[in-house]
Amino acid sequence: MLFTNAKYVLNRILHGIPIILAIVVVNFFLIRLAPGDAAQVLAGESGAATAEYMDQIRKQFGLDQPLWIQFLNYMKNLLVFDLGYSFRHGRTIASLIIERLGATAILMGASMVLSIGLGVILGAIAAVRDRTFLSHVIVILAIVTYATPLFWVGLMLIIVFALNLGWFPTSGYETIGATLTSFDHMLDVLHHLVLPAISLSFFYMALYTRLMRASMLETLGQDYIKTARAKGLSGSRIVMAHALRNAIIPVLTMAGVQVSAMLGGSVIIESVFGWPGLGLLAYEALFSRDLNLLLGIFFLSSILVVVTNAVVDVIYTLVDPRIRLNGGRHE
Amino acid sequence: MKSAVPILQVEGLRTEFRNKRNGWFPVVDKVNFHLSAGETLAIVGESGCGKSMLAHSLMQLLPSRISRLAGGIIRLGDHDLAKLSDTEMRQVRGKEISMVFQEPMTSLNPLMKVGRQIEESILEHDHCSAKEARKRSIELLDMVGIPEPMARADQYPFQLSGGMRQRIVIAIALACRPKVLIADEPTTALDVTIQAQVLELIDRLKSEIDMGVILITHDLGVVAEWAQRVMVMYAGRKVEEAEVETFFSGPSHPYSQALLSSVPRPDALIGEAKMSQLTEIPGTVPPMDQLGPGCAFAHRCSRRTEGCLAVIPPLLTLPSGTSVACIHAEEFAHDRH
């Protein structure tokens, strides 16, 4: 079983390579549709620049070459996993991304756990207590959160919990200048994580709540739930042992699809909270026309999506014995 | 085969549903019957006549928001099920009274091994060890005629055929050796050869466990073969109850007669249906929330008279022992003989 799964994931990732390459090609050309280049941004920041200076920069960065040469060079480097060099940061793209990857992984991991966990629980409660005051409250809450923009949630949380109540820091990843032991450092990061993670998970929590509620209502109407009731099982046992697992499958599907969307959402949240992750890096890269860096981040995201989809497929088989990895489904 | 003391006694059972237009209205009304250990009582009637509602009322598996048990006694052993609280009813359900459903393909949880689904019932009611429950579930699989019960216990429902799944559902229902088994059209979804096997299985286990079986069906062939008594329902009421031999030699209620003459009978058993053409019953069962005064069957009945529309006919007991709810039953019986 474990071996089959590992083999399957590897297979899926190999099949994902052409997809990732296609994404790289499209990104490479799309991104150059944006007006301006790194030379203009650098020149603009230096205050005054002559045409010669800009030409010099372009030559140095290779921006004077025809587009297709630039493309071939990029692809050639990519084949040996050389993502290039950020002139803006004066470092290799790979080292930049690796440095920031951790922060984004922590933020996304926390948000996924929070949104799926709460979404499943709230959705299940709303379905089990259908047509009660509690379920109405949950449904309305979900609709409101679903319709609220991410950045606004972030700003409001900062105003209330950071500025007014002072419970959490307004921004950042850790307390600057503090020399902490590793355990205290972890607590410090967690303390900084609370608000951005809640902000990012809000929308997805609403999404999963609605989905879970609908799925749970459908499941509770199934014949096997009646069989379980006819056995004399208690209501909680029926929900926990029979309904929940069957109802969670559509939520899993959606969560798999939403991983990439969440990465997009983290760009906004990281900007709002000054969270030093890939999203913030991408945001900065966009405005400084650091195209190599931007492409590097896109490259990583596409890999992430391919891997996540493969992993979700494996999780399916663990939840539902009818689904088999070689593509068949029993009925 | 029949023991004198009934294990289940139902008196004046009334179940109501609610809709927006009419408020509460009965779907089962004034139903009386009894069931003895080792006996099979068939309940027949068209779709919508209240058979399934009756079964769900006995099990108290009705949707609580839109339905209620509005009266009557359901005496099972020492309990009156109609008076039990939800928690008390849970302890009876699956232990003293069990049910087998119509759709074996959807009656089992697709994500749980079948052995586990049987053990669950045993653990709930008999509070034994997991090991003991496992042992008993395998015995049950063996008892319902599933080959290689050890291996099958670890399979999921999708790995079993429809007939096998219905055997699993039966094993679940019998896990705690109930006094009464309600089989709600247990073979409707199965093909004919499997139907016979499943009914034979239920009949054999009935003697083994010494339970009473309520067999809900619309297949009169099944009734003739497997039941000792038959109860005909129409619009939520009992319209006729008779011994099977008496019933097939000539049912007393016009509705029963119509049912019987609308079934093809290659064996041409007995009675009026012999050699006669197949007939259909015109019209359909009236919606339960729109019943007028008088006999609910009157508007479809070929022998309707003025009197039929005035009052709901009471149950009469004929000399043959049959009880029938038709004001003309005695004349008809007289005409026939």
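All values reported here derive from a predicted model rather than from experimental measurement.

**A look at the overall build of chain B**
Right, on to step 1. Broken down by element type, chain B carries eleven helices and twelve strands.
Right, on to step 2. Here the C-alpha radius of gyration of chain B, 21 Å, is about what a compact globule of 337 residues would show, namely 20 Å.
Right, on to step 3. Judged by the C-alpha coordinates and their principal axes, chain B covers about 65 × 45 × 40 Å.
Right, on to step 4. With 337 residues in all, chain B has 47% of them scored as buried.
Right, on to step 5. Long-range pairs, those at least 24 residues apart, make up 62% of the contacts in chain B between residues at least 6 apart in sequence.

**Topic: the interface of chain A and chain B**
Right, on to step 1. With 19 residues of chain A in contact, the opposing surface of chain B contributes 25 residues.
Right, on to step 2. The greatest single-element share of the side of chain A that touches chain B, amounting to six residues, is contributed by helix α9 (residues 223-230) of chain A.
Right, on to step 3. Along the lines of polarity and charge, the residues of the side of chain A that touches chain B split into four nonpolar, seven polar and eight charged.

**Quick notes on the packing of helix α8 (residues 182-220) of chain A against helix α10 (residues 235-247) of chain A**
All names here are of chain A.
Right, on to step 1. The geometry of α8 relative to α10 is characterised by a closest axis approach of 8 Å and an angle of 130° between their N-to-C directions. It follows from the interaxial angle that α8 and α10 lie oblique. Crossing handedness for the pair α8 and α10: right-handed. Within the contact between the two elements, α8 uses Met212, Ser215, Met216, Thr219 and Leu220 and α10 uses Ala243, Asn246 and Ala247.

**A word on the sheet that holds strand β10 (residues 237-243) of chain B**
Residues and elements named next belong to chain B.
Right, on to step 1. Strand order in this open sheet of eight strands is β6-β7-β8-β3-β9-β10-β12-β11, and the pairing throughout is mixed. Each edge of the open sheet is held by one strand with a lone partner, namely β6 (97-100) and β11 (316-317).
Right, on to step 2. Where strand β3 (residues 40-44) lies against strand β8 (residues 212-216), four bridges are found, and the strand directions are parallel. If you follow Ile43 over to β8, its bridge partner there is Ile216.

**Focus: the domain arrangement of chain B**
Residue and element names in this part refer to chain B.
Right, on to step 1. The domain boundaries assigned to chain B delineate domain 1 (6-96 + 178-336) and domain 2 (105-177).
Right, on to step 2. Computed over C-alpha atoms only, the centres of domain 1 and domain 2 are separated by 30 Å.
Right, on to step 3. Each partner contributes residues to the interface: domain 1 has 14 residues there, and domain 2 has 15 residues.
Right, on to step 4. Element by element, the count of residues in the side of domain 1 that touches domain 2 is highest for helix α7 (residues 192-209), at seven residues.

**Things to note about helix α4 (residues 130-143) of chain B**
Right, on to step 1. Its 14 residues give α4(B) an end-to-end C-alpha distance of 20 Å, which sits within 8% of 20 Å, the value for a rise of 1.5 Å per residue.
Right, on to step 2. Of all the positions in α4(B), only B:Ala133, B:Arg136, B:Ser137, B:Ile138, B:Leu140 and B:Leu141 are classed as buried.

**Concerning the pairing of strand β2 (residues 23-36) of chain B**
Residue and element names in this part refer to chain B.
Right, on to step 1. Pairing geometry for strand β1 (residues 6-19) and β2, over ten bridges, is antiparallel. Bridging across to β2, Val10 finds its partner in Phe33.
Right, on to step 2. Here β1 hands over to β2 after three residues, the two strands then running antiparallel side by side.

**Description of the nonpolar core**
Right, on to step 1. Formed by 157 residues in total, the largest nonpolar core has its most connected members in A:Tyr208, B:Ala171, B:Val180, B:Ile182 and B:Ile214.
Right, on to step 2. Residues lining this core come from more than one domain, with at least three contributed by each of domain 1 (6-96 + 178-336) and domain 2 (105-177) of chain B.
Right, on to step 3. Not counting residues within four places of it along the chain, the set of residues in contact with B:Ala171 comprises B:Ile118, B:Leu140, B:Leu141 and B:Val144.

**Focus on the sheet that holds β1(B)**
Residues and elements named next belong to chain B.
Right, on to step 1. Here we have four strands laid out as an open sheet, ordered β2-β1-β4-β5, and antiparallel in their pairing. The outermost strands of the open sheet, each flanked by one partner alone, are β2 and β5 (79-80).
Right, on to step 2. Sheet topology places strand β4 (residues 67-76) next to β5; two bridges connect them, and they run antiparallel. Considered in β5, the bridge of Arg75 is made with Asp80.
Right, on to step 3. Helix α1 (residues 51-59) contacts β1, β2 and β4 of the sheet and is inclined by roughly 75° relative to β2.

**Comments concerning the environment of B:Leu61**
Right, on to step 1. In this fold, B:Leu61 is placed in the loop between α1 and β4.
Right, on to step 2. C-beta crowding within 10 Å serves as the criterion here: with 15 such atoms nearby, B:Leu61 is assigned to the partly exposed category.
Right, on to step 3. As a C-alpha pair, B:Leu61 and B:Arg93 span 32 residues in sequence and 9.5 Å in three-dimensional space.
Right, on to step 4. When near neighbours in sequence (up to four residues on either side) are disregarded, B:Leu61 contacts A:Lys226, A:Arg229, A:Ala230 and B:His56.

**Digging into helix α11 (residues 249-273) of chain A**
Residues and elements named next belong to chain A.
Right, on to step 1. In α11, a bend of some 45° at Val259 exceeds every other bend along the element.
Right, on to step 2. Along α11, the residues that are buried comprise Val251, Ala255, Gln258, Leu263, Gly265, Ser266, Val267, Ile269, Glu270, Val272 and Phe273.
Right, on to step 3. Just downstream of α11, Gly274 is the residue with a positive phi angle, here 55°.

Conventions used here
- Residues numbered from 1 in each chain as written.
- Chains lettered and ligands numbered in written order.
- Predicted model: local features only at pLDDT ≥ 70, side-chain atom pairs only at ≥ 80, totals over all residues.
- Helix = DSSP H or I, 4+ residues; strand = E, 2+ residues; numbered from the N terminus.
- Rg over C-alpha atoms; globule rule 2.2 N^0.38 Å.
- Buried ≥ 20, exposed ≤ 12 C-beta atoms within 10 Å, placed from the backbone.
- Contact = placed C-beta atoms within 7 Å.
- Nonpolar A, V, L, I, M, F, W, Y, C, P; charged D, E, K, R; others polar.
- Axes fitted to C-alpha atoms, helices over the stretch in contact; angles between N-to-C directions.
- Parallel < 35°, antiparallel > 145°, perpendicular 65-115°, else oblique.
- Left-handed = near helix turned anticlockwise from the far one by under 90°.
- Pairing = 2+ DSSP bridges.
- Domains from an automatic or database assignment.
- Expected span 1.5 Å × (residues − 1).
- Core = buried A, V, L, I, M, F, W, Y, C linked by C-beta atoms within 7 Å.
- Bend = angle between axes of the 7 residues up to and from the residue.

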